[in-house]
Amino acid sequence: MIAMAWTGAFFALCALGMLLAPFVPQRRNPLLVAIAGALASACLCVAGAYALLSGRTVDTTLGLSPLGSTIRFSLDPLSGVFVLITGIVFLATSVFSAGYLQRYLDHYSLKVFTVLYFGLLAAIAAVLLASDVLSFLVAWELMSIGCYLLVNFEHRRDENIRAGYLMLAMGEAGTLAAAVALLLLANAAGSLGFEAIRMNGTRLADGLRWTVFVLSVAGFGVKAGLVPVNSWLPRAHPAAPANVSALLSGVILNLGIYGIVRVNLDLVPPRLAGPGIVLLLVGAISAFLGILYAVTANDMKTLLAHSSIENMGIATTALGAGVVFATTGHQALAAIALVAAFYQLANHSVYKALLFFGAGTVDAYAGTRDLDHLGGLIHRMPWTALFFLIGSLSIAAIYPFSGFSSEWLTLQALLRSAELSSNLVKTAFAFAGVALALTAALAVTCFVKAFAMGFLGMPRSPAAEEAREAPRSMLAPMGALAALCVLLGILPTFVIPALGGALKSVGGASAAHTLVPPFFSHGRPSALPAKFIADFHDLGAQVGQDIVPGRGLVVLHRGGADNPVVFAMATSYGFVVLILLLGGTAFVVRRLTAARRVMREEQWDGGVHQLLPEMTYTATGFSNPVRVIFDAILRPRTVEDTQETVAQHFRVAIVRTREHPHLVDRLVLDVLTAWMAGAAGLLARMHHGKLNAYVAYVLGTLVLFLGIAALR
Amino acid sequence: MTQWVLEGLRAGIRTTRYPFAPETAAGVSPGLPAAGELARPDLERLIARCPTAALASADGRLVVDARRCVHCFRCVRGSDTPAPWQGGYEWATGEGTLGKTFTRSLHIRVVDAGDCGACLHEVKQLAGPYYSLHRLGFFISPTPRQADVLLVVGPGTDQMREALTKAYKAMPTPRTVIAVGTCALSGGVFGSNFACGGGISSILPVDVEVPGNPPPPLAILHALLLATGRAAPAAKERQTAGERMP
Amino acid sequence: MEIPVQRHAQCSRRSLHFEIDCQPQRLVQVCSALSRAGFGFAGLIVEEWQRQWWLRYAFHSLSGSGGKILRRTLAEPPEPADFAPLCSSADWIDVLIRQPLTRTSYPSISSEVLAADWHEREAEDLFELTFEGHPRLGDFVLHDVAWQEGLAPMRKDFNAHTPPSERRPNPAWRPQRIVHEPGSFLMPIGPIYGGVSESVHFTLETVGEDVIRALPRLFYKYRAVEKIAEGRAAPDLLLLAERFNGIAAFAHGLACAQAIETVAGVEPPARALTLRVMLAELERLRHHTGTIHDICESTALTVAASQAAILEEELLRLSGSLTGHRYLFGLLMPGGLSRDFEQHSLADAVRAVQDIARRLTQLERHLVTTSSFLDRLEEVGIVTPALARTYGLVGPVARASGLACDLRRAQPYAAYDAYTFDIPQEQDGDGYARLRVLFAEARQASRILGQAVNMLPDGPVCVACPDIPPGAALGWSEAPVGATFHWIHADEQGRVSRYHIMSPSFANWHGFHLAAEKFAFQDFPIILATFGLSAAETDR
């Protein structure tokens, strides 16, 4: 009940924020967002952490709906994970907003922002807590609309309106599909409550399972930005304010995955491997296409948006692998894959919020988000640069930062497909593994580009030259998230058991014992079975059993009696070793070169008179090799390629513009749009304004109904 | 691809034995005029024939400033009493200041400061099989950042001054400048004018000088050996016992 | 072997040189008519002569006969209808503009005769003349980051030895950018780059991977050769002609010596003419071997590069042991050669050359069967024949793009009309075509040497060349890179009043971007190597 009390406090604070907003002056509104938002999110964090760590489910009945069903909120460990992640992102975003919102003062109404912001927070929390179909759908719809309004906050710009409209249209179509899926389940169970649906879940027929699966993945997948329903995401992010972008990527995308997990793993326990394969492939394709378009994007926020698709893809791949393992009887492997998926979601929320804050800060204080026009910001925005670098390293899965642990677990889980029997499934796993490996490599390219082109080198525009550092109120949340990135990276031994708890309700097994050997989590090794210890002998894990404090080693083994160790990582100990190595090397180098004089000369430029900013690589130039390699997928469209000459031969301008329309836009969105336009055109033919024709329509309709009545 | 392996093997070893044994093949060096005793009228005629004032008289003897000789051969061809001529190629003067560390591993950045192409071409020959400077631990570096030696050819044009200075500044210490060719030493036929500095010592401190227009590859090799303390500088005055040039 | 008739001794042929006085307003019309008639543009010679500007636009026919020069002067250009008979009879046509010194603005012919583009830019920079209609003047020879605009070093009142006390470089100078594509940037290369390379700067405009626009920036090595030549006597001029571009010293010395001899009215003895051909061909063979070496090296085909380097060094040693100098310095003098060679040493040398040519052919056989090598050259760096013609490219580069222009055939000099040789030609215009032309020309060089050594006339190698009288003449030769022209104008004291070198690299650098653009970065060094360009030859 404690968890529910904290949740109640959260809702109360959100309501307070909404109520106060109109009465607080415009310039005080950011402060309101920060204080009330921070307090509210802190409450949410506590509730989530409590639910996750206690492993208990708390239920509350709020009353009866107009339809006669009970409205129930429940906080189980699965919700707890998402609530905790959400709370952390809310907390950071609320604090960040205090400084960031200043740029909208005098341009847009901050009172409206505050009201919408708290409304969105409450709606998101409600989605996670809802425990019956009706309240879930209502909360979901509120969240969708709130999100649309906030993304469209800068509503005086045409492209934002278009982006918001696409987002709303796709979101509503998704909601419809998800609603149908949930109602089908409710219909089968005869009740709108999740509890009843869950009880009925195991008895569902395969056909219904597939229908529910397809509808829910298509519906919730829109919010998660999975291919092929991702088109709105890269458009919405550049339009949204940075703090809303952080919420969008850090929280709302997670809700999509939450929906998929809730329906397909919790309400309907998996029995078929097919949906797992579908998830695996959808995830792998999303990951690859996401990162491919991220590499080629030059707008920092577009780049981050595409990279969100990639990260959701990785999580979905792990989820798919988990489903396949679970349905083929590999409970331990399933748990590992699901832990990897949740770990990926948690990491992504943290570093993507951080990166969006960074992009927003750059946008606000360097005047542009276009990487081609940035450069050299590290000199003027050192802290932003540091935090953005940590975010970039994390998302690029570089040890010892957070992305490494989850991506490594995901890839290892995919490698364990050797345990499976079906060759077809193995092939699917191999494909996903290759796609993810390629994705990981491109992610490094992508974030080297994002960081190097933005923060290193010379400023390539006057705006970048005059950049200045953000205020502390904006740096502090970034710093906190950066610290979290490091912690999530070096302490997987603490994160995995916590996440493992959440999986009890979905996977059935816990990964904690499979992944974190109980050497360090369960007291003295002498308490363990001798056979278990013997299995780890070769790895040398027992060497440190008495001297190494705390947990530091993640070991995956097959589980069961034999425990053949297949891989291990020691991120915590490795971190210590890394620090010692770097420090030691620095010390030795410094000692050895102490007697030497250091000369500082300009960089070698081949002897040109002056190295100009335009002589340095641009973001486009940096990513051009990728563009050339993946030309067949990217299919650049030449918009313009002209030469201007004077005096017959002298070129004065070579103008070239190229577009890279997204593969999904080309293959899906454009086709759909064309069909819709065609259908609308057909319908429009009926509206030609001739009175006698309308009379004929009325008459025809009347005859039709009479005919139907007569048949009955 | 195998054909290239065979082809390479078939060519055999062509590399000169220098500095372990003198190179005696014909055509490796144009030689230089040498000092000597001459009758006064002949001496004056010879000195007048020299377009770059490389010849002078000291106490009635002919003395040669090799740093100025442009190989016009006027002192030996079309003259009734030709100047003494001497082959050889160990012409470099100056001293290596790098110290022992670099004796067996030296990285060289070659800079063209207005060269006619001949000196540069002779430096290029050094990397070929006949001279193979790598066998002696010398390497051509693409950047001055990793170079110990700045090997400069050409008279030092005004418009290369900035790049040359930048390259020198970009080098870590200790560093050595080797000026290669008559143009780099004295300006050669270009002398000193508004566009061209009459030798690169007006731009950089020169440690080792290699005369010759152009100096043959072996002379440049000698300069590199000199810079690393592996060879002695050329004698102050070459001996008179020179061969006759046709 | 077929032994052709030794015609040059009879001197019955006449080379017809026209000089057309032209008013500035008719200049563009006349020049474009000559260009359309197929005349090659040799260069623009600007002179400050007798308180007048003399602008001489030199054109040469591509099918001259050589021989004794016959001069004709036309007081004004013919009417357009009469161009055809003029063009069919003339070997050389100089369009001459004479205007008072106060007039510093002249029409630009570059839009009609594109080959004149850089010539006009050079004249603008060095003489401060303006060419109306030329879109790109300023910062060419004299870099704006080193010198002020408005400095005219080639004018008579500029003293080359007391440099201007005041220097006002323009620090705001920026390389011009013409590529407008999101994310485009400049890639600076040089002037100090690569391993052992001449000082040239390239500005490549790109968005990564492909070069969209290549802009070579030359004259880092500007030594003011033409300025310091002024006031020199003829033999000292030859010293400069040989030493401003050492790797083609003999070809440039030859063009200069022939110009001096034309002014002086001296005919070198027959033996000297034949020996000049032999030495020029020896130099061509060595130069082409060097270019082949560079091409192999640029494709990282080390063994082939080493093979070429061996042949190159052997040719250098051969030159050294035969003539006393590895780069053939000090051999030419007005009136002939500074030394004779013994028949047996010549015969030995030619045998050695033929052996080297044979090994070169063997190298070619190996190269053309190495697919990894050909991949880097084929269809890379393409210059179409039409563009090669428009830009007035010369030498092996032009011949690889289907232009049959070779001064040895088009305007024979020395004893070239006495020998049978082919002008190799390719149509593809790519890097591989240029390589094939180089190999073929190397073979032809050996073939000419073989013929020459067998029909070497006896006699002296030099006639006395008196102090040169006042007068002016153009000397030309086919240097290894292509056609070169040396203009000498001597004053009353027999001193040089104006010396102008129109070099083949100058012409080919102008069109280099044609090959480099639209290809990837990694092709750039290879394309550069196949052009075999020299910066020293251009910068002077």
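See the structure shown above.
Being a predicted model, the structure only gives us computed values, none of them experimental.

Trainee: Which residues make up the overall build of chain B, and what are the values?
Mentor: Scanning chain B from N- to C-terminus turns up 6 helices and 13 strands. Radius of gyration (C-alpha) of chain B: 19 Å, near the 18 Å computed for a compact globule of 246 residues. When the backbone C-alpha atoms are referred to their principal axes, chain B occupies close to 60 × 45 × 35 Å. Counting over 246 residues, chain B shows a buried share of 60%. Once local pairs closer than 6 in sequence are excluded, the contacts in chain B between residues at least 24 apart make up 78%. Working note: accessible area of chain B is about 9100 Å², and carbon and sulfur atoms make up 53% of it. Here chain B contributes 25 positive and 20 negative side-chain charges, whose respective centroids are spaced 5 Å apart.

Trainee: I'd like a description of the sheet that holds strand β1 (residues 14-21) of chain C, backed by residues and values.
Mentor: Residue and element names in this part refer to chain C. Spatial ordering of the open sheet is given by β2-β3-β5-β1-β4, a layout of 5 strands whose pairing is mixed. The open sheet has two edge strands with one neighbour each: β2 (40-49) and β4 (68-74). Strand-to-strand twist in this sheet, taken as the mean axis angle between neighbours without regard to direction, amounts to 20°. Taken together, the 7 bridges between β1 and β4 define a ladder with parallel strand orientation. Residue pairing across strands places Arg14 opposite Lys68, the latter belonging to β4. Of the strands in this sheet, β3 (52-60) and β5 (92-100) touch helix α1 (residues 24-36), which is tilted by about 170° from β5. Relative to the sheet, helix α3 (residues 117-127) contacts β2 and β3, its axis offset from that of β2 by approximately 15°.

Trainee: How would you summarise the nonpolar core if you had to cite specific residues and measurements?
Mentor: Among the nonpolar cores identified, the biggest contains 205 residues, and Phe136, Trp232 and Phe342 of chain A are the most heavily contacted of them. Per element, the largest residue contribution to this core is 23 residues, and it comes from helix α13 (residues 331-366) of chain A. Taken domain by domain, the makeup of this core includes at least three residues from each of domain 1 (273-516) and domain 2 (622-659) of chain A. Once you skip the residues sitting within four places of it in the chain, Trp232 of chain A turns out to touch Leu166, Met167, Met170, Val222, Lys223, Leu248 and Leu253 of chain A. Judged by nonpolar contacts, the second largest core, of 104 residues, contains Trp4 of chain B together with Ala257, Ile356 and Trp487 of chain C.

Trainee: Which residues make up helix α8 (residues 302-323) of chain C, and what values go with them?
Mentor: In an α-helix, one full turn covers 3.6 residues, which means residues spaced three or four apart are oriented alike. Taking 1.5 Å as the rise per residue, α8 of chain C with 22 residues should run 32 Å; its terminal C-alpha atoms sit 31 Å apart, in good agreement. Directly beyond the C-terminal end of α8 of chain C, a positive phi value near 95° is found at Gly324 of chain C.

Trainee: Can you break down the packing of helix α7 (residues 194-201) of chain A against helix α10 (residues 242-267) of chain A residue by residue, with the values?
Mentor: All names here are of chain A. Running from N to C, α7 and α10 cross one another at 50°; their axes reach a closest spacing of 9 Å. With respect to α10, the element α7 is oriented oblique. Residues Phe194, Ile197, Arg198 and Gly201 of α7 touch α10, and the partners they reach there are Arg262, Asp266 and Leu267. Classifying every residue of the contact of α7 with α10 gives 3 nonpolar, 1 polar and 3 charged.

Trainee: Please set out the interface of chain B and chain C residue by residue, giving values where relevant.
Mentor: Where the parts come together, the accessible area they lose is often given as the size of the interface. The interface is formed by 64 residues belonging to chain B together with 73 residues belonging to chain C. Summed over both sides, the interface between chain B and chain C buries roughly 5500 Å², with carbon and sulfur atoms accounting for 59% of that surface. Joining chain B to chain C, the criterion identifies 6 salt bridges. With a closest N to O distance of 2.6 Å, Asp112 of chain B and Lys221 of chain C form a salt bridge. The interface formed by chain B and chain C holds 43 residue pairs in polar contact (both at pLDDT 80 or more) in total. Every element with two or more residues in the side of chain B that touches chain C is listed here: α1 (2-11), β7 (106-112), α3 (118-126), α4 (161-170) and β11 (192-193) of chain B. The leading source of residues in the side of chain B that touches chain C is α3 of chain B, at 7 residues. In terms of residue class, the side of chain B that touches chain C is built from 36 nonpolar, 16 polar and 12 charged.

Trainee: Outline the pairing of β2 of chain C, supporting the account with residue identities and numerical values.
Mentor: All names here are of chain C. Summarising burial for β2: 10 of the 10 residues are buried, a large majority. In this sheet, β3 lies alongside β2 in antiparallel orientation, the contact comprising 9 bridges. Its bridge partner lying in β3, Gly40 is registered against His60. Here β2 hands over to β3 after 2 residues, with Gln50 in that stretch at a positive phi of 50°.

What counts as what
Residues numbered from 1 in each chain as written. Chains lettered and ligands numbered in written order. Predicted model: local features only at pLDDT ≥ 70, side-chain atom pairs only at ≥ 80, totals over all residues. Heavy atoms only, no water. Helix = DSSP H or I, 4+ residues; strand = E, 2+ residues; numbered from the N terminus. Rg over C-alpha atoms; globule rule 2.2 N^0.38 Å. Buried < 20%, exposed > 50% of the residue type's maximum accessible area, 1.4 Å probe, protein only. Contact = heavy atoms within 4.5 Å. Areas by Shrake-Rupley, 256 points an atom, 1.4 Å probe, with all protein chains shown as cover. Lys, Arg positive; Asp, Glu negative; His and termini not counted. Charge placed at Lys NZ, Arg CZ, Asp CG, Glu CD. Pairing = 2+ DSSP bridges. Axes fitted to C-alpha atoms, helices over the stretch in contact; angles between N-to-C directions. Core = buried A, V, L, I, M, F, W, Y, C linked by side-chain atoms within 4.5 Å. Domains from an automatic or database assignment. Expected span 1.5 Å × (residues − 1). Parallel < 35°, antiparallel > 145°, perpendicular 65-115°, else oblique. Nonpolar A, V, L, I, M, F, W, Y, C, P; charged D, E, K, R; others polar. Buried area = accessible area lost by both parts, 1.4 Å probe. Salt bridge = Lys/Arg side-chain N within 4 Å of Asp/Glu carboxyl O. Polar contact = N/O pair within 3.5 Å; in protein donor to acceptor, adjacent residues only side chain to side chain.

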